[in-house]
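# A structural walkthrough
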Amino acid sequence: MSSEKPKLPGSTDVVIVGAGIAGISAAWFLDKAGLRVVVCEKGVVAGEQSSRNWGWIRQQGRDQSELPIVMESMRLWQDIADELDTDIGYQREGSLYLCENDAELSRHQRFMSFAPAYGLTTSYVNRKQLETLMPDCPERWQSGLHTPDDGRAEPSLAVPAMAKTLRDRGAHVIENCAVEQVMMENRKVTGVLTEYGEIKASTVLCAGGAWSTFLLRGCGIRLPQLTVKASVARTAPVPLKFNGNASGSKVAFRRRLDGGYTVACSDYLEVLPSASHLGFARDFLPLIKTSFGKLKLRIPELKVDADFKRQRILNPIPTVATVARIKARLADRVPAFRGIELVEAWSGMIDALPDVVPVLDRVDGIDGLFISTGFSGHGFGIGPGAGKIVASLIQNNRVEYDLTRFRLTRFSDGSKLELGPAI
Ligand SMILES: Cc1cc2nc3c(=O)[nH]c(=O)nc-3n(C[C@H](O)[C@H](O)[C@H](O)COP(=O)(O)OP(=O)(O)OC[C@H]3O[C@@H](n4cnc5c(N)ncnc54)[C@H](O)[C@@H]3O)c2cc1C
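Below is a short write-up of the structure. (Residues numbered from 1 in each chain as written. Predicted model: local features only at pLDDT ≥ 70, side-chain atom pairs only at ≥ 80, totals over all residues. Heavy atoms only, no water.)

Within the structure, the ligand sits among 36 residues, and E41, S50, W56, G379 and G381 are positioned closest to it. At a separation of 3.4 Å, an oxygen atom of the ligand approaches a polar backbone atom of G55. Between the ligand and the protein, one listed contact pairs a nitrogen atom with a backbone N or O atom of V179 at 2.9 Å. Considered on its own, the ligand offers 1000 Å² of accessible surface; in the complex 98% of this is hidden by protein. (Near = heavy atom within 4 Å. Polar contact = N/O pair within 3.5 Å; in protein donor to acceptor, adjacent residues only side chain to side chain. Areas by Shrake-Rupley, 256 points an atom, 1.4 Å probe, with all protein chains shown as cover.)

Structural data, given as structure tokens:
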């Protein structure tokens, strides 16, 4: 990373903290609307979750309140892909949840109770249909849930390509520049204090992923957030004739642009709470109870706290045992993966909220402060839709979605939290 001191504009209309999919998508739509935008990133564009994820752009299995937003996001991904000079691999080849028995299939009933009303093409598929969708589909899978127009893109390419286009259009995306504090006067945002000095702005968007809780704490805001490590690998090219996203009870795989698959264990996540997260333990009890077995509590190997310069890029490392588990599971579940090399493995730190849906909101009582964070393991696909929403909120434009479920105050107004489908 360059050690050169970045040149900061003295003032702008909007400062965005964080250059992941949330921040860059918001910048995309604000820039299109003609606002001056500065994105400050403590590390590199998409250095954290947004380049490390599975790359699923899925409508299937979403929370009901997220569904219309992600449906719009599918269209926005296409528009964005058409405007970039890099092929980000955006394709709509579908998502498939693979089920071994009726009990597994019935878990999808809740989603199917509302999805068709939104015009979604999701359907239950039987064994015969599975064989058409995935030739040589292993026998253990007898049925599934399928959304043919779900999509995917390459996370390592997508957000960096968007940031490059933004820069080409004149927006500032400044890497290696941590925002240490949101500046306010009389509960009104006046800008940010970065490690290289101030940028004046009447509007700030917090899109800091796993770090958002600490930036907001500095503004007197409590956002209960947890860091959850998820490990992934990519394979060499595989002779499997399946071109979409698939997930069963123990494995997940998705076709890549390079002919390999991005692969993971679908039932293995590690919770790594720093000391500063312990105050949120109660908020997360319902999630931990329902995800018991999938979430493993671990001693944190990395510190995530208010020292934004400590880790320019949050880079958790998968253990040898975790990588071996992914390889063994795949070989066991899908014969086509037997003997196929895992070329690379990595981990990412998911920023989970207690009800596993994000906050998309303006902050009551602090004029000019907005939040887009807490996507809880599924923010890549919905990113452009969320970005368009917060860009509208910032411009005080009408938003056509009901954002009640995504309000910040749900964690403090005494309302009972309703758990979303999954991390
Ligand atoms: C392994 C894994 C698999 C996943 N699979 C999928 C999937 O298939 N589909 C899907 O939709 N989602 C998936 N997700 C979730 C998705 O990746 C995230 O929800 C999404 O990328 C979050 O984007 P973000 O912009 O909010 O956060 P991030 O991408 O984490 O970006 C936040 C950025 O803010 C910066 N930052 C923080 N604080 C400061 C500060 N004070 N100053 C300056 N910069 C700061 C950070 O350095 C970081 O770059 C997955 C996540 C993981 C980890």
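Anyway, onward from the coordinates.
For the structure shown, the criterion picks out 10 aromatic pairs. Plain terms: the ring middles of F253 and Y261 are 6.2 Å apart, the flat faces sit at 70 degrees to each other, and that makes the pair edge-to-face. Y261 gets classed as buried once you look at its relative accessible area, which sits at 0%. An aromatic cluster of at least three residues, connected via ring pairs, comprises F242, F253, Y261 and F337. (Phe/Tyr/Trp six-rings, centres within 6.5 Å; stacked < 30°, edge-to-face > 60°. Buried < 20%, exposed > 50% of the residue type's maximum accessible area, 1.4 Å probe, protein only.)

Moving on, we get to unusual backbone geometry. Look at V356: it is not a glycine, yet its phi comes out positive at around 50 degrees. Tracing the sequence through the fold places V356 in the loop between β19 (342–352) and β20 (359–362). Classification of V356 by relative accessible area gives buried; the value is 1%. Positive phi, close to 55 degrees, is recorded for S376, a residue that is not glycine. Along the chain, S376 turns up in the loop between β21 (369–373) and α11 (379–394). For S376, a relative accessible area of 0% corresponds to the buried category. (Helix = DSSP H or I, 4+ residues; strand = E, 2+ residues; numbered from the N terminus.)

The next point concerns the side chain of E104. Here E104 lies in helix α4 (residues 102–106). Despite its burial, E104 pairs with no opposite charge; the closest candidate is R107, at 4.8 Å N-O. Those residues within four positions of E104 in sequence are excluded, and the remaining contacts are L98, C99 and S249. (Lys, Arg positive; Asp, Glu negative; His and termini not counted. Salt bridge = Lys/Arg side-chain N within 4 Å of Asp/Glu carboxyl O. Contact = heavy atoms within 4.5 Å.)

So, on to helix α7 (residues 155–168). Look at α7: 20 Å from first C-alpha to last across 14 residues, which is about the 20 Å you get at 1.5 Å a residue. Listed as buried for α7 are P155, A158, V159, A161, M162, A163, T165 and L166. Structurally, α7 contributes buried residues whose contacts are with α1 (21–32), α2 (49–52), α3 (67–83), β8 (172–174), β15 (251–255) and α11. Backbone geometry just after α7 places G170 at a positive phi near 105 degrees. (Expected span 1.5 Å × (residues − 1).)

One can describe the packing of α1 onto α11 by two numbers: an axis separation of 7 Å at closest approach and a directional angle of 45 degrees. Considering their axes alone, α1 and α11 lie oblique with respect to each other. Of the two elements, α1 crosses α11, and the hand of that crossing is right-handed. Listed contacts from α11 to I21, S25, A26, F29 and L30 of α1 are G379, F380, G383, P384, G387, K388, V390, A391 and I394. Partitioning the contact of α1 with α11 into residue classes produces 9 nonpolar, 4 polar and 1 charged. (Axes fitted to C-alpha atoms, helices over the stretch in contact; angles between N-to-C directions. Parallel < 35°, antiparallel > 145°, perpendicular 65-115°, else oblique. Left-handed = near helix turned anticlockwise from the far one by under 90°. Nonpolar A, V, L, I, M, F, W, Y, C, P; charged D, E, K, R; others polar.)

Packing of α1 against α3 leaves a shortest axis separation of 13 Å and a crossing angle of 75 degrees. Relative to α3, the element α1 lies roughly perpendicular. Along its contact with α1, which presents I21, W28, F29 and K32, the element α3 presents L76, W77, I80 and E83. Its residues assigned to classes, the contact of α1 with α3 comprises 6 nonpolar, no polar and 2 charged.

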